[in-house]
Amino acid sequence: MTKVLIVDDSVVFRTAISQALENVNGLEIFKAVSNGKIAIDFLKSNSDIDLITLDMEMPVLDGLETIKEIRKFNKDVKIIVFSSQTVSGAEKTIDALSSGANDFVSKTESEGTIERSIELIRETLIPKIEAIVSNHISREVAEKKLEVFQESGAGVIELDQALEKVLIKPKLIVVGCSTGGPDALTQVFSSIKGKISIPILIVQHMPPVFTAKLASMLDKLSQVNVKEAKVGDRLSPGVCYLAPGDYHMFLKKDLTLGLNQEEKVCYVRPAVDVLFNSVAENFKDQVLSIVLTGMGEDGANGCTTLSKNGAYQFIQDEESSIVWGMPGAVNSRGIGATVVHLSSIGELISEISERV
């Protein structure tokens, strides 16, 4: 049974979240409190809480400071933050994800009844909880099988081994991620040393406004120029282009970027599959793909297409992933994707970029 702590200064929203999660198999609403300080004190004496839903805007102690304090004494409890879809809300959410939050949902006010608000919360929050909880369970199973994986050669490989697999310097790097992606990208870009000589394209599942703030944050972490992509952007060495929220990003034949709001793929927009498939179709030089932590299977079809062109493919390992849905889906395709620990990916990019 997953024990849930709800933290929100609005009694209406605390009640709505409680009602949205009640009667969900495997979940127990253990307590609901009104601010971060109460939540911290409660968690210190109740270490068996498994998951926290946390409002970002609260008196006494806001969401960001609450996360920072919790992570000082508890690294295991899962935290999902509720954020407003504003510029300020996006900035705080990116900071929260970089400070230890596991995921976020948008705090939207329903124009209908309280029942509709509860329905919206249920639709957005429950899948994220289920993905995070099921991944925690699968990790326990994975740890028991780790020795078998290592003996069979199917487990995580070291950086030196990963570099040996890249025989020809790639001319383009493509990355896909979702749940846990902002923190994973933060770790990757923080470990990239010096300037890089390869363009990077990234799809991170996020709403509008949030992607612009994510690009701005990543831009400050390394010498890579990270920007939110615009229609007509042409691939340039050392520049990373991040797909804007609610827009599919794709590579055109003339190697410029296009954006559209066509139908969602794998229930998301932007979609990793849209980008990867367009690269497979229009980029004829060597490609390296990386699929990081994320819920769902977006990217698996695109990686399968890229594999037919001989792309080098890497996926984040299960242990360091918040959710191993996306990398796990690629792994299950049997296309030879190499499993690497998150801590190796930034250095992998740096080392490959330095090649002549």
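Just so it is clear, the model here is predicted, and its values are computed rather than measured. (Residues numbered from 1 in each chain as written. Predicted model: local features only at pLDDT ≥ 70, side-chain atom pairs only at ≥ 80, totals over all residues. Heavy atoms only, no water.)

J.: Let's hear about the nonpolar core: which residues, and what values?
T.: Ile 52 and Phe 189 are the most contacted members of the largest nonpolar core, which totals 63 residues. Residues contacting Phe 189, with those up to four places away along its chain left out, are Ile 202, Leu 218, Leu 221, Ser 222, Val 224, Val 226 and Cys 240. (Core = buried A, V, L, I, M, F, W, Y, C linked by side-chain atoms within 4.5 Å. Buried < 20%, exposed > 50% of the residue type's maximum accessible area, 1.4 Å probe, protein only. Contact = heavy atoms within 4.5 Å.)

J.: Got a sec to walk through unusual backbone geometry? Specific residues and values, please.
T.: Pro 270 follows Arg 269 through a cis peptide bond whose omega is 10°. Along the chain, Pro 270 falls in the loop between β11 (257–260) and α9 (272–282). Not every positive phi belongs to a glycine, and Val 60 is a case in point at roughly 70°. Turning to its location among the elements, Val 60 is positioned in the loop between β3 (51–55) and α3 (63–73). Despite not being glycine, Asp 246 shows a phi value in the positive range, around 70°. Residue position: Asp 246 is located in the loop between β9 (239–242) and β10 (248–251). We classify Asp 246 as partly exposed; its relative accessible area is 23%. (Helix = DSSP H or I, 4+ residues; strand = E, 2+ residues; numbered from the N terminus.)

J.: So, helix α7 (residues 181–190): which residues are in play, and what are the values?
T.: Across the 10 residues that make up α7, a large majority, seven, are buried. Among the residues of α7, those classed as buried are Gly 181, Pro 182, Ala 184, Leu 185, Thr 186, Val 188 and Phe 189.

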